[in-house]
Amino acid sequence: MPFLFRWLLRLTAASILLGIAGAGLVYFLAAQSLPEYNKEIALPGPTAPVEIVRDHANVPHIFGSFGATDEDVFFGLGYAHAQDRLWQMAVMRRTAQGRLSEVFGPRTVQTDSFLRRLDLYRLARASVASQSPETLRALEAYSAGVNARLLEVNERALGRGAPEMFLFNMPIAPWQPEDSIALMKLMALQLSSHMREEILRAQTSIALHDPARLLDILPDAPGNGTTTLPEYTALFPEMDGLVLKPEQFAALMPVAPRGLGGASNAWAAAPSRSAAGGTLLANDPHLKLTAPGAWYLARLELGTGGVIGGTVPGIPAILTGRSQQMGWGITSSYLDDQDLFIEKINPDNPQQYLSVDGFKDFESRPSIIQIKGNDPLTLTLRWTDNGPVLPGTLFNLASITPPGHVVTLGWTALSSNDTSMTAALDLMRAKTVQQAIDAGENFIAPSQNLTLADATTIALKTVGAMPDRDLSNQSQGRLPNQGWRRENQWQGRIPYTANPEFVAPQGGILGNTNNKLLDRPFPNHVSFEWGDTQRINRWRRLMQTREVHTRDSFIEAQLDTVSYSARTLLPLIGADLWFTGEAAPDGTPARQRQIALSLLAEWNGEMNEHLPEPLIYASWVRALQKRLIEDDLGPLADEFTRVEPLFLERVYRNIDGAAAWCDVQQSAPVETCTDMARLALDDALVYISENYGSKLETLRWGDAHQATQDHEVLGEVPLLKYFVNIRQSTSGGDNTLQRGLTSGTEPHPFSNVHAAGYRGVYDFADPDSSVFITATGQSGHFLSRFYDDMAQFWRRGEYIPMSLDENLARAAAVGVTRILPRP
């Protein structure tokens, strides 16, 4: 026995030592790719020495020495992006190319298949010739900077450039100008939502027995809008009911689920509304939360002066930021730049479709997807006059496709003459609002609202190509259309001058929360689908309660967590429940209901992470919407993952008979809206008790509303996920200015999955007092101290200086990289 014990002890000790050695080896290999920021190196590419000064937060300030050109500065940006975010850039490029499965195997085949059908990379390559000479030089120099870092990694054996490269064999080809343009197109895809909205509207139209109820569950933004639409089954009588299949999970799919496309806030104040007498501008674009985040802070010292702000690795442009003279912010415009078309296949020849001129051959070509560990997959890519053909297995398109038909996508980003990159670089060099507006004409996609401020003027301009639809378009772009009818086809692009524009407003304040911009008749309507109907009300109140604003009041508005939706809905759904219950003993459902209602009655709608009321409210309205819609919509109810405030308001105000949703059609009794509110509150309290505890007063919204900043590839790997994912308690909610959009799906329906990955506030009375922050950190290397160093600042609503003062950047620099031209 002692002999056996000794050997067991030895084996255990050996296992522990082997484990420690293995962990040490992994750490050593991963650490090889940690960037060294303090060095001098000679590399091919620059025409003169380039300095990258990393300030205290690791924000690179890129300077060219005497004799350097703007191209040398773009070279430095490419080098810095590749130093910190090489893995992220490589994955995004492979996504745009439809080549993820070569690395990740079968789980990304559906994503690759979709991207191949869109043909984004070929269109990006064709668009290179459409760029201005200055933009082309910048793209080439940026590419040279990325490739110089790749050369350094290979020459010095720097751990393949990123720790993920040890887990996945991902050869990296040299960066090229078309790669950056492809990433711009990929960003347009991530921010576009109208395709998913058309699919859902068509599915809902089929599922509802009463067509009048469609405008309840998918309501228009308040204001003059569309009143009638054809039923989808009237457009396509061949449809025989709605058949939904579980949507297949597609890893790294860039098309966001409904509600998780682009969102953002931006506002500006003229000198007349600024306490310091200079213009003010605030911007916080909202994107899916990831680690590392989508944004990367940088400063470029160009021939026209310094520019500083947020970049996306792989794209050589400050997309939101400021120069000494001007600031610009971006918000998703929700311009309707996507249409689905139903194409009729020739029953006698499946290689043809019905066009406006009769049956016509599909344009087609084969494409082979290489799949790690599996046989290659050969696709046949097909196009019609309206766009690429999409498979019925994608996004449940089969549920809205009549027999003998296929679906195609029309989208402005499917352009081989896309000059959006030129527009982005010209915007950086603009010195006045008018110059920025002029630069915006070259934007194709993604469409954005540009909020602008120079020394004296503020403005908002929608940029991006707006499709020219025929006045007699059957669905006005809201439902999939018959692709063979001339009136449904796009006629080109509406002139840029027709894009919404607001310059120097009389009130001295303008802004956008993705809300409806204006009321114009179709086809100059811009959109019928807008990203916000709630936050705009809170923003309007915060702006108008002050005669003048400061940088700090703009920060206060960015961080505001009061829910206009809660303040509106609670008096409606609880109208007949407040203080009406009889006495009930502790621990009973009736007593829990009284406690919940008492807490909500005293609540001001603030979605503070430390309070219980936001969790009770969010659970209640979620359960209420589910009860209202599940018997009418059946399985389709699962597509409505988040609460639709306008829907609940229509129901409880009984607008156009919307209270009919309260009666459960499949039950004999006639339920009232008060009944449904009470039942939903009980549902919510049971859910809370099972998941968060029964002591309502001690609940914390932040425990449920954790920001889930997960690594998109390694985030679900056991053990490793604890090193690469960033989780933290957050305030805010779906409809607060400090927006923290909930997932809406189990097992964590209240997790914060979509928020402001970048925040910036620019004060042109004192430009160097401007501030900004990102949600994670600058580095994409999870062993770097700059991987998550900004996360706690972001969570607490703090910022870092956004200064163009070179001395300030150098004073606390964490490193200075000096790149010399290699002979």
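Structure: above.
Residues numbered from 1 in each chain as written. Predicted model: local features only at pLDDT ≥ 70, side-chain atom pairs only at ≥ 80, totals over all residues. Heavy atoms only, no water.

## Examining the overall build of the protein chain
- Counting its regular elements, the protein chain contains 23 helices and 29 strands.
- Taking 28 Å as the expected radius of gyration for a compact globule of 823 residues, we find that the protein chain reaches 28 Å, a close match to that expectation.
- For the C-alpha atoms alone, the extent of the protein chain along its principal axes is close to 85 × 85 × 75 Å.
- Across the 823 residues that make up the protein chain, the buried fraction comes to 61%.
- For the protein chain, restricting intrachain contacts to residue pairs at least 6 apart in sequence, the fraction spanning at least 24 positions comes to 72%. (Helix = DSSP H or I, 4+ residues; strand = E, 2+ residues; numbered from the N terminus. Rg over C-alpha atoms; globule rule 2.2 N^0.38 Å. Buried < 20%, exposed > 50% of the residue type's maximum accessible area, 1.4 Å probe, protein only. Contact = heavy atoms within 4.5 Å.)

## Some thoughts on the sheet that holds strand E18 (residues 458-463)
- The 11 strands lie next to each other as E1-E29-E2-E3-E6-E7-E8-E9-E17-E18-E20, forming an open sheet whose pairing is mixed. At either margin of the open sheet sits one strand with a lone partner, and together these are strand E1 (39-43) and strand E20 (501-503). Averaged over all pairs of adjacent strands, the angle between strand axes in this sheet comes to 15 degrees, irrespective of strand direction.
- Most of the contacts of helix H2 (residues 70-97) go to strand E6 (residues 296-302), to which it runs at about 165 degrees, and overall it touches E1, strand E2 (50-54), strand E3 (60-64), E6, strand E7 (305-311) and strand E29 (815-821). (Pairing = 2+ DSSP bridges. Axes fitted to C-alpha atoms, helices over the stretch in contact; angles between N-to-C directions.)

## Quick notes on the pairing of strand E9 (residues 327-332)
- Here E9 lies mainly inside the structure; 6 of its 6 residues are buried.
- Burial along E9 is two-sided: Gly327, Gly329 and Thr331 and Trp328, Ile330 and Ser332, pointing in opposite directions, are all buried.
- Here 2 bridges tie strand E8 (residues 320-323) to E9, and the two strands are oriented antiparallel to one another. What sits directly across from Arg322, in E9, is Gly327.
- Between E8 and E9, which pair antiparallel and follow one another directly, the connecting turn spans 3 residues.

## With respect to the nonpolar core
- Formed by 146 residues in total, the largest nonpolar core has its most connected members in Phe114, Met195, Leu300, Met428 and Leu452.
- Residue contributions to this core peak at 11 residues, all from H2.
- Among all residues touching Leu452, those that are not within four sequence positions of it are Ala268, Leu281, Met326, Gly327, Trp328, Leu427, Val433, Ala436, Ile437, Thr457, Ile458 and Ala459.
- Residues Val651, Tyr652, Trp661 and Ala677 belong to the second largest nonpolar core, which totals 55 residues. (Core = buried A, V, L, I, M, F, W, Y, C linked by side-chain atoms within 4.5 Å.)

## Points about H2
- Helix length check: H2, at 28 residues, gives a terminal C-alpha distance of 29 Å against a target of 40 Å (1.5 Å per residue), a shortfall beyond 12%.
- The buried fraction of H2 amounts to 27 of the 28 residues, a majority that puts the element mostly inside the structure.
- Just downstream of H2, Gly98 is the residue with a positive phi angle, here 70 degrees. (Expected span 1.5 Å × (residues − 1).)

## Regarding the state of the cysteines
- Within the structure shown, the criterion is met by 1 disulfide.
- Between Cys662 and Cys673 runs a disulfide, and the two sulfur atoms are separated by 2.0 Å. Measuring the twist about the S-S bond at about 95 degrees, one finds the Cys662-Cys673 disulfide to be right-handed. Of this pair, Cys662 sits in the loop between helix H18 (645-653) and helix H19 (673-691) while Cys673 sits in helix H19; the two residues are 11 residues apart in sequence, bridging distant segments of the chain.
- Its relative accessible area of 0% is what places Cys662 among the buried residues.
- Classification of Cys673 by relative accessible area gives buried; the value is 15%. (Disulfide = S-S within 2.5 Å.)

## A word on the packing of helix H6 (residues 133-156) against helix H7 (residues 177-191)
- Here H6 crosses H7 at 100 degrees, and the two axes come no closer than 8 Å. By the angle between their directions, the pair H6 and H7 is classed as roughly perpendicular. Counting all contacts with H6, which are made through Leu139, Glu140, Tyr142 and Ser143, the residues of H7 involved are Pro177, Ser180 and Ile181.
- Among the residues forming the contact of H6 with H7, the class breakdown is 4 nonpolar, 2 polar and 1 charged. (Parallel < 35°, antiparallel > 145°, perpendicular 65-115°, else oblique. Nonpolar A, V, L, I, M, F, W, Y, C, P; charged D, E, K, R; others polar.)

## Let's talk about the environment of Ile199
- Considering the arrangement of structural elements, one finds Ile199 in helix H8 (residues 194-207).
- Between the C-alpha atom of Ile199 and that of Thr419, which follows or precedes it by 220 residues, the distance is 29 Å.
- What Ile199 contacts, discounting residues up to four positions off in sequence, is Leu340, Phe395, Leu397 and Ile400.

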